[in-house]
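Working through the structure, step by step
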There are 2 protein chains.
Amino acid sequence: MGTEDGERGGLRERKKQETRIALSWAAVRLTIERGLENVRVEDIAAEVGVSPRTFNNYFSSKGEAIAARHLERARSIAAELRAQPASKPLWEAINDAALARFALGQEGDGRNTHDQQWIAGVRLMIAEPALQGEMIKASAAAEAEFAAAVAERTGTDVTSDMYPKLVAGAVTAAFGVAVEHWLRADPSVSIMTLVSEALHRLSAGLPAP
Amino acid sequence: MGTEDGERGGLRERKKQETRIALSWAAVRLTIERGLENVRVEDIAAEVGVSPRTFNNYFSSKGEAIAARHLERARSIAAELRAQPASKPLWEAINDAALARFALGQEGDGRNTHDQQWIAGVRLMIAEPALQGEMIKASAAAEAEFAAAVAERTGTDVTSDMYPKLVAGAVTAAFGVAVEHWLRADPSVSIMTLVSEALHRLSAGLPAP
DNA sequence: AGAAACATTGCGGGGTCCGCAAAATCCGGT
DNA sequence: ACCGGATTTTGCGGACCCCGCAATGTTTCT
């Protein structure tokens, strides 16, 4: 019978990704429940049904497993930027890409468990010092992709010109600030509003208010 | 005989700081020589003449010890910003503060061993993946101080207004990009030129070139 | 089906980091 | 100048993490 996988790359690759994501989510979930210090690699592996040794084949540390969720989210923003029509002005495209990806808890009516989990996860990464580094590192990784997208869009060169990385760095910082404020202060203001405001100020040259 | 310390806080505190700095430099030096994987905590402690256990009283990891140099440098920029006259416009003050602190290898004539060591240290932190996180984390820590300085100067509030953190984040990113380009590409261009250019672009709203 | 490629697992070791309690050192008052 | 409390340093022991290696499955290709 014909192989009816219908998916790219073969079944093997697919399963790997599933395991990877499952491990990552398990790490987040357990850490939210018990705190980072009370979660051993053994527990995470058990939750997914693999050996502890296998966990370390996927992630080189507990922290990396947790930050992997964040990394993927951040990456998707770069992808979204690439998906924006080339005719759009850069800052407008950035804004639209961000808004598309920061649409959280908007759809449906709060029944979106994964978003909830993710928000709790971000809170965690901000709170636990041991995770802050990992989250920042993940942001930096995504920043590189974002810079590449900006370079492509503006016809500049990532290696010879500072411009793309400058934009990527500033935008990443803006996202971070917006998210942090959103989590800390009143949740009444939507994250999207804050992100838009931050980006707008950036593109205006951050004049003193 | 009279205690002729002439320094603040007592002799004890002083010695602690010295040990701390000595450990940090030793960590940098050894890692440059042998690579991170070939340096154990034991070696660093031995170099300074303390027990391995003591090392961990000062730093909670090897990486932190190395990044401590970077952290101190970054902090000094925030301090420099505070030292700028309040009458100066914000962006001018930021630029001047940065230039004052990025004056490297300029003075004297290359006889400045500590600057050389530091440059090599930064190269290291950029190259070794295990150290990237630490360096970024240190940058983030300094960023908070920078934000406080900006808040003070602009009369904004760090907790309620995004502005100070936005500026701090963007500026930190700009420093990072400038340093990275300086290290990677031709060392002919001075770091100060690159920093100024990056800041100027930022304050102009990062228009596509 | 058979072989090659790849993933998972167990084992073992080097190393890090921390808590704890004893020894060494410093500081301030008399 | 000395003593008592406070602080630091140190050694020890333990829990855990992370990786290399080699054996053992499992998928993919021909």
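Before going into details, it helps to say that this report is about the structure given with it. All of these numbers come straight from a predicted model, not from anything done at the bench. (Residues numbered from 1 in each chain as written. Chains lettered and ligands numbered in written order. Predicted model: local features only at pLDDT ≥ 70, side-chain atom pairs only at ≥ 80, totals over all residues. Heavy atoms only, no water.)

What about the relation of the copies chain B and chain A?
Let me state the cut-off plainly: The copies are overlaid by a least-squares fit using only the C-alpha atoms of residues whose pLDDT is at least 70 in both copies. Note on definitions: a residue-residue contact is assigned when non-hydrogen atoms from the two residues lie within 4.5 Å.
Under the fitted operation, chain B is carried onto chain A by 0.0 Å of movement along the axis and a turn of 180°, and the coordinates agree to an RMSD of 0.1 Å. Seen this way, the second copy is the image of the first under a two-fold rotation axis. Relative to the rotation axis, the closest C-alpha in chain B is found at G205 of chain B, a distance of 1.8 Å. Here 100% of the interface residues in chain B have copies in chain A that are interface residues too; the copies meet face to matching face.

Observations concerning the protein's contact with DNA strand C
Inclusion rule: If even one non-hydrogen atom of a residue comes within 4 Å of a molecule or strand, that residue is called near it. As used in this structure description, the phrase polar contact means that two N or O atoms lie within 3.5 Å; if the pair is within protein, one of them must be able to donate a hydrogen and the other to accept it, and residues adjacent in sequence are counted only when both atoms belong to side chains. Starting at the N terminus, helices and strands are each numbered in turn, a helix being any DSSP run of H or I of at least four residues and a strand any DSSP run of E of at least two. Gly counts as polar in this scheme, as do all residues outside two lists: the nonpolar Ala, Val, Leu, Ile, Met, Phe, Trp, Tyr, Cys and Pro, and the charged Asp, Glu, Lys and Arg.
In the region of DNA strand C, 18 residues are neighbours, and R12 and T54 of chain A together with R12, R53 and S61 of chain B sit closest. Backbone atoms, meaning sugar and phosphate, make up 64% of the atoms of DNA strand C lying within 4 Å of the protein. In this structure, a phosphate oxygen belonging to DNA strand C sits 3.0 Å away from a side-chain N or O atom of K16 of chain A. The separation between a phosphate oxygen of DNA strand C and a polar side-chain atom of R40 of chain B is 2.9 Å. Elements supplying a minimum of two residues to the surface near DNA strand C: α1 (10-34) and α3 (52-58) of chain A together with α1 (10-34) and α3 (52-58) of chain B. Residue contributions to the surface near DNA strand C peak at 4 residues, all from α3 of chain A. Split by residue class, the surface near DNA strand C holds 5 nonpolar, 6 polar and 7 charged.

Observations concerning the packing of helix α6 (residues 113-127) of chain A against helix α8 (residues 163-184) of chain A
Each pair of packed helices can be summarised by the angle the axes make with each other and by the distance between the axes. Residue and element names in this part refer to chain A. The criterion, for reference: Every axis in this analysis is a line fitted to C-alpha atoms, fitted for helices over the stretch in contact. Angles between the N-to-C directions lie between 0 and 180 degrees. Here the angle decides the label: under 35 degrees means roughly parallel, over 145 means roughly antiparallel, 65 to 115 means roughly perpendicular, and every other value means oblique.
One can describe the packing of α6 onto α8 by two numbers: an axis separation of 11 Å at closest approach and a directional angle of 100°. Taken together, the axes of α6 and α8 lie roughly perpendicular to each other. Where α6 abuts α8, its residues I119, V122, R123 and I126 lie against V179, W182 and L183. Classifying every residue of the contact of α6 with α8 by side-chain character gives 6 nonpolar, no polar and 1 charged.

Some points on the interface of chain B and chain A
How big an interface is tends to be reported as the loss of accessible area on association of its parts. Stated formally: Two parts placed together each lose some accessible area under a 1.4 Å probe, and adding up what both lose gives the buried area. Any Lys or Arg side-chain nitrogen located within 4 Å of an Asp or Glu carboxyl oxygen qualifies as a salt bridge.
Each partner contributes to the interface: chain B provides 38 residues, whereas chain A provides 38 residues. Between chain B and chain A, roughly 3100 Å² of surface is buried when both sides are summed, and carbon and sulfur atoms account for 70% of that area. On the chain B side of the interface with chain A, the three residues burying the most area are M162, L166 and L206 of chain B, jointly 23% of the side's total. On the surface where chain B and chain A come into contact, there are 4 salt bridges. Of the charged contacts, one joins D161 of chain A and R201 of chain B as a salt bridge, the two residues approaching to 3.6 Å between their closest N and O atoms.

Concerning the protein's contact with DNA strand D
Neighbouring DNA strand D are 19 residues; R12 and R53 of chain A together with R12, T54 and N57 of chain B lie closest to it. Sugar plus phosphate: this is where 60% of the atoms of DNA strand D within 4 Å of the protein reside. Measuring from a sugar or linking oxygen of DNA strand D, one finds a backbone N or O atom of S60 of chain A at 3.2 Å. R53 of chain B is positioned such that a nitrogen or oxygen atom in its side chain is 3.4 Å from a base oxygen of DNA strand D. Listed by contribution, the elements that provide at least two residues to the surface near DNA strand D are α1 and α3 of chain A together with α1 and α3 of chain B. The dominant element in the surface near DNA strand D, judged by the number of residues it contributes, is α3 of chain B, at 4 residues.

Re α8 of chain A
Let me state the cut-off plainly: Helix span, as expected, comes to 1.5 Å for every residue beyond the first. To sort residues, take the accessible area from a 1.4 Å probe on protein chains only and compare it with the maximum for the residue type: under 20% means buried, over 50% means exposed, and anything in between is partly exposed.
Between its terminal C-alpha atoms α8 of chain A stretches 32 Å, which fits the 32 Å expected from 22 residues at 1.5 Å a residue. Of all 22 residues in α8 of chain A, 18 are buried, a share of seventy percent or more.

Considering the packing of aromatic side chains
Residue and element names in this part refer to chain A. Basically, it comes down to this: What counts as a ring pair is set by centres within 6.5 Å for rings of Phe, Tyr and Trp (its six-membered ring), and what kind of pair is set by the plane angle: stacked under 30 degrees, edge-to-face over 60, tilted for all other angles. Whether a charge sits over a ring depends on NZ of Lys or CZ of Arg being within 6 Å of the ring centre and within 35 degrees of the ring normal.
Under the counting rule described, the total for this entry stands at 4 aromatic pairs over all chains. Centre to centre, the rings of F55 and F59 are 5.9 Å apart; their planes meet at 45°, and the pair counts as tilted. For the pair F55 and F59, one class covers both residues: buried. A cation over an aromatic ring shows up here: R73 above the ring of W118, its NZ or CZ 4.3 Å from the ring centre.

Some points on the pattern of salt bridges
All names here are of chain A. Evaluated as defined, the whole model comprises 26 salt bridges over all chains. The shortest N-O distance in the salt bridge between D43 and R34 comes to 3.2 Å. For R184, the salt bridge is made with E180, and the minimal N-O distance between the two is 3.9 Å. Pair noted here: R184 and E180 are both in helix α8, with a separation of 4 residues, about one helical turn.

Interpretation note: all reported values are geometric properties and have no functional meaning in isolation.
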